[in-house]
Amino acid sequence: MTQKRILIVGCGSIGLRHIRALRSIGVQTIAALRSGKGHNIEDPIFDDITIFHDKNSAYQWHATHMIISTPTSMHLESVVDAVKLGIPYFVEKPICADVGELERMNQDSLNLGIVGYNLRYHELFVELKHIIDSGKYGKILAASLFVGSYLPFWHPEQDYSSRYEARKDLGGGVLRTLSHEIDLAQPLLCNITKVYAKILKMSQLKIDVEDHVDIIAENENNVHIKIQQDYLQPILRRGGEILFDSGMLCYDFSGNSISYTSYDKKVEEAIFQGYDYFDKQYQVQMEQFVNGARGVACTVMEEKQNMKVIKYCELSSQKGIELCLD
């Protein structure tokens, strides 16, 4: 078996998380390409990692895989480089700021990559998809997905206003940064075909991007979908509700639980309680990536659909009307 040589481009908090995940699955040969503009890393896990500060040297290291965890606005530059090197790439979500950039890539470029929607590897998502695919609760009528947490709490050791999540020039904003729910809605419920969105800056946060988004959507099966994202909740909230013609299913990523209330019994019943620890989803994600398994990964073609939804949400909010996706 060829030795895995993993080059990580960008080593902020998510880059470090990927390094820990790689170490936990036994990958030892890791290098990092750093701009030199980020903060110093004192974590001992970084001690035996080869550090590069220029692309030419990094690319001559002969990596077998590339992980791209730079700010969103810088993703595509590294994607193009990975394609030129002919190596598989893993890129953090969203893959770019504008779907138009993605549409100019050829099919071979798209086939080499996967996009880092880690919640697809969470055991709760796996269980949710199993329940929905089984059809045990009947037809889906509507769904509501939500996520919110207070941006300054994310990395309290850093100035939140300087991070990419807070900056338009780096591809930040709640619509893109918290796009997991847009992604989850599609493998769980089917592709979104219509959107009406309100994209707002509601708070006094020192950011030049939106901090609250409401989306009303419809999918190929005429399921009514609501998605809410924000940077404002004092306690992390991530979950949702799915209304079937037989009752209501509720899920909570924070509590790693699923419950169901049927019209017959009218009593909420716990149907799943997981014990997945937070890092496991990243370990499974990295294991599948370095071993060439697609599994539940978000492909670049699926990300193209996510980016199209984001584009049409922005257009809808600007125009104040519902829009059909092309």
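Residues numbered from 1 in each chain as written. Predicted model: local features only at pLDDT ≥ 70, side-chain atom pairs only at ≥ 80, totals over all residues. Heavy atoms only, no water.

Trainee: So what's going on with the overall build of the protein chain? Which residues, and what values?
Mentor: If you tally the helices and strands in the protein chain, you get ten helices and 16 strands. In summary, the protein chain has a C-alpha radius of gyration of 20 Å against a globular reference of 20 Å for 326 residues, a match within 12%. In terms of overall dimensions, the protein chain has a C-alpha envelope of 65 × 45 × 40 Å along the principal axes. The proportion of buried residues among the 326 residues of the protein chain is 52%. Taking the intrachain contacts of the protein chain between residues at least 6 apart in sequence as the baseline, contacts between residues at least 24 apart amount to 64%. One finds the centroid of the 34 positive side-chain charges in the protein chain at a distance of 3 Å from the centroid of its 42 negative side-chain charges. (Helix = DSSP H or I, 4+ residues; strand = E, 2+ residues; numbered from the N terminus. Rg over C-alpha atoms; globule rule 2.2 N^0.38 Å. Buried < 20%, exposed > 50% of the residue type's maximum accessible area, 1.4 Å probe, protein only. Contact = heavy atoms within 4.5 Å. Lys, Arg positive; Asp, Glu negative; His and termini not counted. Charge placed at Lys NZ, Arg CZ, Asp CG, Glu CD.)

Trainee: Outline the nonpolar core, listing residues and values.
Mentor: Counting residues in hydrophobic clusters, the biggest one holds 77 residues, and the most contacted among them are Leu7, Ile95, Ile215 and Leu249. When residues in this core are grouped by element, the largest group, six residues, is from helix 10 (residues 300-319). Ranked by size, the runner-up nonpolar core spans 20 residues in total, among them Ile6, Ile30, Tyr121 and Phe289. (Core = buried A, V, L, I, M, F, W, Y, C linked by side-chain atoms within 4.5 Å.)

Trainee: Give me the sheet that holds strand 6 (residues 113-116): which residues, what numbers.
Mentor: Spatial ordering of the open sheet is given by 3-2-1-4-5-6-15, a layout of seven strands whose pairing is mixed. Of all the strands in the sheet, the pair left with one neighbour each is strand 3 (50-52) and strand 15 (298-299). Here strand 1 (residues 6-9) runs beside strand 2 (residues 30-33); their pairing, made up of four bridges, is parallel. What sits directly across from leucine 7, in strand 2, is alanine 31. Against the sheet, helix 9 (residues 280-290) contacts strand 1, strand 4 (65-68), strand 5 (89-92) and strand 6, and its axis sits at roughly 145° relative to strand 4. (Pairing = 2+ DSSP bridges. Axes fitted to C-alpha atoms, helices over the stretch in contact; angles between N-to-C directions.)

Trainee: Any details on the packing of helix 6 (residues 123-134) against helix 8 (residues 180-189)? Residues and values, ideally.
Mentor: The N-to-C vectors of helix 6 and helix 8 enclose an angle of 35°; their axes lie 9 Å apart at closest approach. Every residue of helix 8 that contacts helix 6 at Phe125, Leu128, Lys129 and Ile132 is listed here: Leu184, Pro187 and Leu188. Within the contact of helix 6 with helix 8, the residues separate by chemical class into six nonpolar, no polar and one charged. (Nonpolar A, V, L, I, M, F, W, Y, C, P; charged D, E, K, R; others polar.)

Trainee: I'd like a rundown of a negative patch on the surface, residues and numbers included.
Mentor: There is a patch of like negative charges on the surface, built from Asp98, Glu101, Glu103 and Asp326. Inspection of the secondary structure assignment puts aspartate 326 in the segment after strand 16 (323-324). According to the relative accessible area criterion, aspartate 326 is exposed, its value standing at 74%. (Patch = residues over 30% accessible without salt bridge, like charges linked within 9 Å, V, L, I, M, F, W, Y side chains within 5 Å. Areas by Shrake-Rupley, 256 points an atom, 1.4 Å probe, with all protein chains shown as cover. Salt bridge = Lys/Arg side-chain N within 4 Å of Asp/Glu carboxyl O.)

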